[in-house]
Each structure stands twice: as structure tokens, then as C-alpha cells.
Amino acid sequence: MKDLLNETARRAARYLDGINDRPVAPKPEHVAGLEALAGVLPEAGCDPTEVLAVLDDVGSPATVATTGGRYFGFVIGGTLPAALAANWMAGAWDQNAAMQAMSPIAAKLEEIVLNWTLDLVGLPAGSAVGFVTGTTMANFSALAAARSALLKRAGWNVEEDGMFGAPAFRVVVGEEVHISVLRALTLLGLGRSRLTRVPADDQGRMRADSLPALDAQTVVCIQAGNVNTGAFDPAREICARARDAGAWVHVDGAFGLWGAASPKYAPLLDGVDHADSWAIDCHKWLNVPYDSGLAVVRNPEDLRRAMSWGNAAYLTQSAGREPWQYTPDASRRARGVELWAAMKSLGRSGLRELIERNCRQARLFADRLRSAGFEILNEVVLNQVLVSFGSAEETLRVIAAIQSDGTCWCAGTQWHGHTAMRISVSSWATTDEDVEQSAAAMIRIAGRK
Ligand SMILES: Cc1ncc(COP(=O)(O)O)c(C=O)c1O
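In short, a report on the structure.

## Section: the nonpolar core
Reasoning step 1: Ranked by internal contacts, the top residues of the largest apolar core, which has 55 residues, are Leu123, Val220, Trp258, Leu286 and Leu351.
Reasoning step 2: Considering each element in turn, this core owes the most residues, 8 residues, to helix H11 (residues 335–371).
Reasoning step 3: Beyond its immediate stretch of four places on either side in the chain, leucine 286 contacts Leu80, Trp258, Leu339, Ala342, Met343, Leu346 and Leu351.

Written out as C-alpha cells, the structure is:
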């Protein structure tokens with residue numbers, strides 16, 4: 001075992017050492033080479049060192065270098081050194097984080113991390129937190145709590161009686177709602193076509209002046225950090241309207257909520273803490289390994305009720321917090337280990353510096369591209385930049401050429417009738433030199449000097 005783990009560390013270190021010297025996207029021949037892993041499962045097994053060697057030799061070249069400094073696709077963070085080390089340790093521990101009895105260390109770290117997170121991003125102390133796979137499941141879990149609370153108010157027990165015949169309630173979303181919220185609502189039996197959609201402004205912010213009349217049978221889903229522009233819905237105004245009416249506000253804060261960790265960006269989140277539930281991603285801006293997200297609910301009882309298991313005599317209930325009471329799954333890996341390590345290694349100032357550096361780097365991208373004559377389509381308020389290279393055809397050509405060039409990697413999007421390239425700066429590993437090198441490659445490929 002010891003030799004195998006040493007060999008793993010050697011190979012992993014070699015992979016990470018070379019991450020900035022290889023194309024960000026894998027070469028087609030390396031992707032084609034993955035066939036070497038297939039074939040009929042042999043009758044006889046083989047030595048683990050041999051397994052590891054094939055995995056590294058064939059698999060490593062076919063990875064996307066998302067953990068390097070020049071990956072700007074979707075919204076994807078890297079992995080902080082302490083988080084990677086903790087992930088290895090947790091792998092060795094192989095803890096099931098479902099219950100205190102199964103893993104006191106996993107349960108304790110969840111408790112510590114949830115308090116640190118609420119404090120870091122300014123959410124109400126005492127809120128319940130479920131450790132889930134990402135924002136899609138965080139949206140699902142938090143909206144399950146909202147559904148349970150609203151139907152309970154209407155005298156309906158959705159956990160016992162389900163959705164057939166349940167009193168109707170209304171779900172309000174912004175025009176620019178992220179698809180993961182729509183997916184969560186679909187999974188919860190709330191449908192997509194029954195939603196009330198509120199118009200958004202030119203940055204994708206929900207227009208509070210266009211909100212319908214709210215009441216106690218309404219859930220309003222707002223956004224902290226639009227996936228295209230990085231813009232924030234006006235939380236203070238919407239939450240005030242919702243509070244007066246007794247409506248529930250849910251915030252999809254996948255990456256944007258981390259902005260609250262910086263006094264410079266916290267004003268963009270003004271009033272977000274007045275909502276009832278929140279979804280946060282940790283594999284994005286906190287830079288922990290996949291997968292990791294948090295579902296936060298102001299009233300713990302709402303999340304516990306929504307996630308209840310009915311009668312399950314073998315599930316133990318200790319005096320303290322039982323992790324399984326806050327998530328849709330039971331057995332799961334101990335995500336809190338990496339979260340604790342990431343936060344401990346960064347400290348408050350490290351997280352603040354990471355957020356502020358990535359936002360500054362997004363502005364640097366925008367400056368360089370604008371100076372080269374390209375149009376920036378959004379106000380760069382956070383870490384997201386939308387750039388047009390001209391016509392839709394030209395923009396798509398440039399995106400494809402950037403992806404195959406390999407210096408960096410970005411994807412495309414549509415923004416208010418324009419085809420654009422999205423640049424998302426979300427990694428601890430990104431240096432200013434990475435930004436300069438990537439911007440220069442984009443400008444060269446797009447045919448400007
Ligand atoms: C605003 C927003 N919400 C939700 C998600 C979905 O997150 P996940 O892929 O972790 O489920 C994303 C992903 O980019 C996002 O940007």
C-alpha cells in the first residue's frame with residue numbers, strides 16, 4: 001500500500017507540475033487513446049501499480065486542464081493545495097459522512113465549516129446547512145424546504161401526502177434564472193410552464209419594479225451572480241417586498257455568494273441575508289475538488305422536515321447535529337474535510353484576496369480585449385466577461401480556434417441576441433501572467449495585433 005501511495009503522489013505531482021505547459025484542452029489523439037482503457041473485462045485482475053500506471057499514462061493526457069491557471073470555461077474553480085491534500089487524506093479515511101456514529105470527524109468538520117461559511121458570507125447564524133454535490137442539488141434541497149414550508153402553512157403535509165391534490169402555490173423566477181433552478185423545480189413536481197417569469201434588465205438583473213403581487217403562497221427565486229454577466233438581482237428590495245407579503249425568497253448564489261467575503265464586493269449582495277434559503281457552490285470559487293455545494297435554510301426545521309426519512313429505526317439520532325437530516329442522500333463522502341482544509345489554509349484574508357484577484361483579472365481581460373477593438377457586452381462587476389469578436393460566425397470561429405490553440409479555454413454563449421465568448425475567472429491558480437498570455441492568444445487568434 002505504502003509504495004502504491006508514494007507512486008500515486010509521484011505521478012500526481014508530475015501531472016500538476018506540467019499542467020501549465022500542456023494545451024488546456026486534450027489533443028484529439030489523446031482522447032481517441034482512451035479506447036485503450038476499454039475492452040472485455042479480463043477474468044484475472046492485475047497489480048494496483050499497473051492499474052495506476054495505465055490510468056495515468058492513458059488518462060492524464062486526456063484530461064482538461066481545469067486545475068491549471070488558464071481555464072476560463074463555464075464557472076470552474078481549481079483545487080487549492082490544502083484541499084487536494086485533505087481530499088487524499090479523506091480518501092484514505094474512507095468515511096461515510098451520513099451519521100455521527102459513522103464518522104465523528106466528518107460530522108465535526110461539517111459543523112465547523114457550516115458556521116465558518118455562514119459567517120464568511122454573512123448569512124444568518126443558526127441556519128441549517130446540507131452538504132450536497134453542487135448548486136443544482138443545493139437549489140433542489142432548499143426549494144424542497146420552501147415547498148414543505150409553504151404547503152404546511154396551507155395545511156398540507158407534502159412529505160406524507162405528496163403533490164397529488166396539494167394546494168397550488170406560485171413560483172416566481174427572473175427571466176435570466178439559471179437552468180439548475182428550473183431543473184430543481186421540475187424534480188420537485190412544480191413544473192416549468194407554471195412559473196411566473198419576471199423581466200430582467202440589460203445585465204440580467206430581475207426588475208423588482210416588475211414583480212407581481214406577492215403573498216404567503218409564493219416562492220421567489222432570485223440570483224446572486226448571473227452565469228453570463230455576474231450581475232446580482234436587487235435582493236434588498238425583493239426580500240423586503242417578500243417579507244411584507246410572507247413570501248419565501250430563495251437565492252441561487254452558486255458563485256456570486258462568495259463575493260460577500262470581500263468588503264469590496266459585499267455591497268453587490270446587499271440584502272441577500274434577508275432571504276429564506278440559499279444555494280452555494282464550493283467547487284467553484286472556494287476551489288475545492290468536485291463535487292461540493294451547500295444548501296442553506298434559515299429555519300432549520302424546514303430543511304429537516306423536507307429531508308425527513310419517515311420511520312427508519314436503524315438511523316441513529318445523537319444529541320448533536322446529524323448530517324443525514326439535511327441532505328437528500330444518506331451515505332456520502334465527507335465533503336466537509338476539503339472545505340475545512342480550504343478555509344483553514346486561506347483564512348479570511350486568503351479568501352478575500354482570491355475573490356478580489358479574480359475580479360481584478362476579469363477587468364484586466366476586459367481592458368485588454370477592449371483595447372484591441374473588441375466589444376465587451378457586460379458590465380464587469382465580478383469575475384465574468386462577455387466578449388464579441390464581431391458577427392456570430394466570426395465569434396464562433398474565434399472560440400473554436402481558441403479552444404484548439406490550447407493556450408487557454410473559454411466557451412460560448414448567447415447574450416441578448418449576441419453570440420459571445422464567456423470568460424470566467426474562478427481559479428486560485430490564475431496569475432496575472434496567465435491572463436496576459438491568454439488575452440494575447442485571444443487577440444492573435446481573432447486577428448488583431
Ligand atoms: C448561477 C448558477 N447556478 C447554478 C449552477 C449549477 O451549479 P452545479 O453545476 O454545481 O450544479 C451554476 C453553474 O455554473 C451557476 O452558475
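## A short note on the pattern of salt bridges
Reasoning step 1: Inspection of the entire model under this criterion finds 24 salt bridges.
Reasoning step 2: Aspartate 367 is the partner of arginine 370 in a salt bridge, and the nearest nitrogen-oxygen pair spans 3.6 Å. Placement of the pair is arginine 370 and aspartate 367 together in helix H11, with a separation of 3 residues, close to one helical turn.
Reasoning step 3: Looking at arginine 370, the relative accessible area reads 45%, which means it is partly exposed.
Reasoning step 4: Of the charged contacts in the structure, one is a salt bridge between arginine 368 and glutamate 436, with a shortest N-O distance of 2.8 Å.

## Some remarks on the layout of surface pockets
By rolling a water-sized probe across the atoms, one finds the places where empty space is left.
Reasoning step 1: Space inside the largest pocket adds up to approximately 770 Å³.
Reasoning step 2: Forming the walls of the largest pocket are 29 residues, and the residues nearest its centre are Ala12, Tyr15, Leu16, Thr67 and Leu84.
Reasoning step 3: Elements with a contribution of two residues or more to the lining of the largest pocket: helix H1 (2–17), helix H3 (48–59) and helix H4 (81–93).
Reasoning step 4: Here the lining of the largest pocket is built from residues that sort into 17 nonpolar, 10 polar and 2 charged.

## Quick look at the site of the ligand
Reasoning step 1: Around the ligand, the surrounding shell holds 13 residues, and the nearest of these are Thr136, Asp252, Asp281, His283 and Lys284.
Reasoning step 2: Measuring from an oxygen atom of the ligand, one finds a side-chain N or O atom of lysine 284 at 3.1 Å.
Reasoning step 3: In isolation the ligand exposes 390 Å². Once the protein is present, 83% of that is buried.
Reasoning step 4: Split by residue class, the shell around the ligand holds 3 nonpolar, 7 polar and 3 charged.

## Some details on the sheet that holds strand S10 (residues 411–415)
Reasoning step 1: The antiparallel open sheet is built from 4 strands, whose spatial order is S8-S9-S11-S10. Strand pairing shows two members of the sheet lacking a second neighbour, strand S8 (375–376) and S10, which therefore form its edges.
Reasoning step 2: Across 4 bridges, the pairing between strand S9 (residues 384–388) and strand S11 (residues 418–424) is antiparallel. Across the sheet, leucine 386 pairs through a bridge with arginine 422, a residue of S11.
Reasoning step 3: The sheet contacts of H11 involve S8, S9 and S11, and relative to S9 the element is tilted by about 15°.

## Some remarks on the pairing of strand S5 (residues 248–252)
Reasoning step 1: Counting buried residues in S5 gives 5 out of 5 residues, a clear majority hidden from the surface.
Reasoning step 2: Every second residue of S5 is oriented toward a common face, with Trp248, His250 and Asp252 on one face and Val249 and Val251 on the other, all of them buried.
Reasoning step 3: Judged from the 5 bridges that link them, strand S4 (residues 218–223) and S5 form a sheet pairing that is parallel. Counterpart to valine 220 in the pairing with S5 is valine 249.
Reasoning step 4: Note on the crossover from S4 through helix H9 (residues 235–245) to S5: the handedness is right-handed.
Reasoning step 5: Bridge count for S5 against strand S6 (residues 277–281) is 3 bridges, and the pairing is parallel. Its bridge partner lying in S6, histidine 250 is registered against serine 277.

Each value, and the rule that gives it
- Residues numbered from 1 in each chain as written.
- Predicted model: local features only at pLDDT ≥ 70, side-chain atom pairs only at ≥ 80, totals over all residues.
- Heavy atoms only, no water.
- Core = buried A, V, L, I, M, F, W, Y, C linked by side-chain atoms within 4.5 Å.
- Buried < 20%, exposed > 50% of the residue type's maximum accessible area, 1.4 Å probe, protein only.
- Helix = DSSP H or I, 4+ residues; strand = E, 2+ residues; numbered from the N terminus.
- Contact = heavy atoms within 4.5 Å.
- Salt bridge = Lys/Arg side-chain N within 4 Å of Asp/Glu carboxyl O.
- 1 Å grid on protein atoms, 1.4 Å probe; cavity = no way out; pocket = protein on both sides within 12 Å on 5 of 7 lines; lining within 4 Å.
- Points joined across faces, edges and corners; volume = space filled by probe spheres on them.
- Nonpolar A, V, L, I, M, F, W, Y, C, P; charged D, E, K, R; others polar.
- Near = heavy atom within 4 Å.
- Polar contact = N/O pair within 3.5 Å; in protein donor to acceptor, adjacent residues only side chain to side chain.
- Areas by Shrake-Rupley, 256 points an atom, 1.4 Å probe, with all protein chains shown as cover.
- Pairing = 2+ DSSP bridges.
- Axes fitted to C-alpha atoms, helices over the stretch in contact; angles between N-to-C directions.
- Right-handed = clockwise from strand over helix to strand, strands pointing away.

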